[in-house]
Protein chains: 2
Amino acid sequence: MLSSTSLFAPVESDLRLLTENLKRLISARHPILGAAAEHLFEAGGKRLRPAIVLLVSRATLGGEEPTPRHRRLAEITEMIHTASLVHDDVVDEAALRRNAPTVNSLFDNRIAVLAGDFLFAQSSWYLANLDNLQVVKLLSEVIRDFAEGEILQSINRFDVEVSLEVYLDKSYYKTASLIANSAKAAAVLSDVSLETAEKLYRYGRDLGLAFQIVDDILDFTSPTEVLGKPAGSDLLSGNITAPALFALEEFPGLRGLIEREFAENGDIEQALALVRQSDGVHRARELAQSHGKRALQYLDCLQPSAAKDSLIDVADYVLSRIY
Amino acid sequence: MLSSTSLFAPVESDLRLLTENLKRLISARHPILGAAAEHLFEAGGKRLRPAIVLLVSRATLGGEEPTPRHRRLAEITEMIHTASLVHDDVVDEAALRRNAPTVNSLFDNRIAVLAGDFLFAQSSWYLANLDNLQVVKLLSEVIRDFAEGEILQSINRFDVEVSLEVYLDKSYYKTASLIANSAKAAAVLSDVSLETAEKLYRYGRDLGLAFQIVDDILDFTSPTEVLGKPAGSDLLSGNITAPALFALEEFPGLRGLIEREFAENGDIEQALALVRQSDGVHRARELAQSHGKRALQYLDCLQPSAAKDSLIDVADYVLSRIY
């Protein structure tokens, strides 16, 4: 399996610079948030989103270095992503993420709301100062989609009637929108054709969906130590993802357990066992693969380059996590 | 004393339209937030911020009706303001605002964080779609200032060494920035000269500072029923505002009470009594008045109109609240 370091080789030094910049941007002003930022930007993130922005930048710039605006876009992408994680953890009352305590558990809800607001606010400000109205629109769409995704997830908690379509919408809002729109924004900053920009949006969209489905599978199949949070926590919190959706078709007995919100002793263990026994994980894998494959097709718009090769490898890497 | 209805006469019908639009924009998509929105936009707000945007619009358009973009800007202003209130109440664990339960107390923190994020996200999106990069920058500055203000307030809780300068910075970030930048943005949408736009920014800045100082005075001088939240709650939560800052110079005994965070029985009552006995309220009034007067000077850039007269009256109205 590829490690994310060798995977991102063409942008490795770019990503080091990005991490330093992000910590500096946040910590400089506020020690109180500095601690949270240090924690957030150090916490073993894979930097998948800024890596894609930087790879698309390099792949569309024909061998030139990313401009300061491309780099800033990558930073904005990671800031928006991090802000959404911090608020998600408040909303979900999560205590652990990537094996590290969440901001709300390490500090408190007050600091977590502030830190998320601060990151969103900084990202809007840096975004406006990219001086490109089209890029502002693409990324403000992402911020709107995040809120939409969180709300959809909130509304549909423990709803066994939720459709695969709503699940995919939610996955788009929560994950794919940021990857798709920021890939397109990087292309826009490189002044590519409308068609190429649109194809890179599609690449990000399908890659993002594959990524979210894989994440949802891992919540059922990975041990807690690897996940960095308790296994099965999606289902426990009422978030019914692809494997559970498919399992519901196979084992109608799962409905009752979910509908009573795992109120009785042993309910959650039984539900997790049913999903794992079912064909749900396998079917979810196929779904992720079909999106991963589709993502690759859109890369035909790019000239050959090391960055393009990495973008291909990223899709393979995302899928390799479930094997 | 002028009521806020007659005060805003030139934009009365504009404000009715705005309230309807805001409820529609939010409720249409999400019943779960619809309830919160209904509650938020009905809760007896004075609509001071959108009223100023609409008055500046009319005053700079030479008798023309505000354009759809001016109206949208007024809506965005109220959305940003409301989003910040919702998150402030989570951060401050407030239970009441304007005599109505807060979103976090009526629903819970989860819904309050979501509702605030949703409003911020909607406002960024509508903002980007105004298609004016300068306006995007002005308002993204406001969002950044809000986060800054909340953090400054958080850092300086119970800090008796806080200076008048930091207090005024905080008041600018929390209150004056939105009024100043949105007044300027309305002027920018009307294509006025740079000088006029800058004067309207200054008007909003000084008016906003006067408004915040008056609000801080009322927290000491008004009964709970009128305030719509417990009197003295700023001081109790460690937010040291102008009257308390001045009182600290006069009665050094106040320091100890604040520094021990009113831990002993009767501490807060004693502290409130000291502030009320002191010259602090009087000195804070003078400070508010000096900002109110300065605000008026900047209106010399406007041609005579009913809207201009209202902008003058707004400054008088803000100050009249403390007499």
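Refer to the preceding data block for the structure.
The structure contained in this document is the topic of the report that follows. The model shown is predicted, which means the values in this text are computed figures rather than measured ones.

Some remarks on the pattern of salt bridges
Residues and elements named next belong to chain B.
Inference 1: Across all of its chains, the model carries 34 salt bridges over all chains by this definition.
Inference 2: Here Asp14 and Arg58 are joined by a salt bridge, their closest N and O atoms 2.9 Å apart. With a gap of 44 residues between them, Asp14 in helix H2 (residues 12–27) and Arg58 in helix H4 (residues 48–60) connect regions that are remote in the sequence.
Inference 3: Overall, the relative accessible area of 4% leaves Asp14 in the buried class.
Inference 4: As a salt-bridge pair, Arg72 and Glu75 come within 2.9 Å of each other at their nearest N and O atoms. Taken together, the residues span about one helical turn, with Arg72 and Glu75 both in helix H5 (residues 68–91) at a distance of 3 residues.
Inference 5: Note on Arg72: relative accessible area 25%, which makes it partly exposed.
Inference 6: According to the relative accessible area criterion, Glu75 is buried, its value standing at 3%.

Looking at the packing of aromatic side chains
Inference 1: Taken as a whole and assessed by the stated rule, the structure comprises 6 aromatic pairs over all chains.
Inference 2: The residue whose ring lies beneath B:Arg144 is A:Trp125, and the NZ or CZ to ring-centre distance is 3.7 Å.
Inference 3: A cation sits over an aromatic face here: B:Arg205 above B:Tyr172, 4.8 Å from the ring centre.

Regarding the interface of chain A and chain B
Inference 1: Every contact between the two is made by 36 residues of chain A and, on the other side, 36 residues of chain B.
Inference 2: Approximately 3600 Å² of surface area, both sides summed, lies buried where chain A meets chain B, with 63% of it carried by carbon and sulfur atoms.
Inference 3: On the chain A side of the contact with chain B, A:Arg110, A:Trp125 and A:Arg144 bury the most area, a combined 19% of that side's loss.
Inference 4: Taken together, chain A and chain B are joined by 2 salt bridges.
Inference 5: Its salt-bridge partner being A:Lys137, residue B:Asp131 comes within 2.7 Å of it at the nearest N-O pair.

Focus on helix H8 (residues 133–155) of chain A
Residues and elements named next belong to chain A.
Inference 1: End to end, H8 covers 33 Å across 23 residues, agreeing with the expected 33 Å (1.5 Å per residue, within 8%).
Inference 2: A large share of H8 lies buried, amounting to 18 of its 23 residues.
Inference 3: The backbone nitrogen of Gln134 lies 3.0 Å from a side-chain oxygen of the residue at the head of H8, namely Asn132.

A short note on the relation of the copies chain A and chain B
Inference 1: Its rotation angle being 180°, the transformation that places chain A on chain B also includes 0.0 Å of axial translation and leaves an RMSD of 0.0 Å. The transformation just described matches what one would write down for a two-fold rotation axis. The position closest to the rotation axis in chain A is occupied by the C-alpha of A:Leu133, lying 3.1 Å away.
Inference 2: Same-surface contact between copies: 100% of interface residues of chain A are shared with the interface of chain B.

Criteria and thresholds
Residues numbered from 1 in each chain as written. Chains lettered and ligands numbered in written order. Predicted model: local features only at pLDDT ≥ 70, side-chain atom pairs only at ≥ 80, totals over all residues. Heavy atoms only, no water. Salt bridge = Lys/Arg side-chain N within 4 Å of Asp/Glu carboxyl O. Helix = DSSP H or I, 4+ residues; strand = E, 2+ residues; numbered from the N terminus. Buried < 20%, exposed > 50% of the residue type's maximum accessible area, 1.4 Å probe, protein only. Phe/Tyr/Trp six-rings, centres within 6.5 Å; stacked < 30°, edge-to-face > 60°. Lys NZ or Arg CZ within 6 Å of the ring centre and 35° of its normal. Contact = heavy atoms within 4.5 Å. Buried area = accessible area lost by both parts, 1.4 Å probe. Expected span 1.5 Å × (residues − 1). Polar contact = N/O pair within 3.5 Å; in protein donor to acceptor, adjacent residues only side chain to side chain. Least-squares fit on C-alpha atoms with pLDDT ≥ 70 in both.

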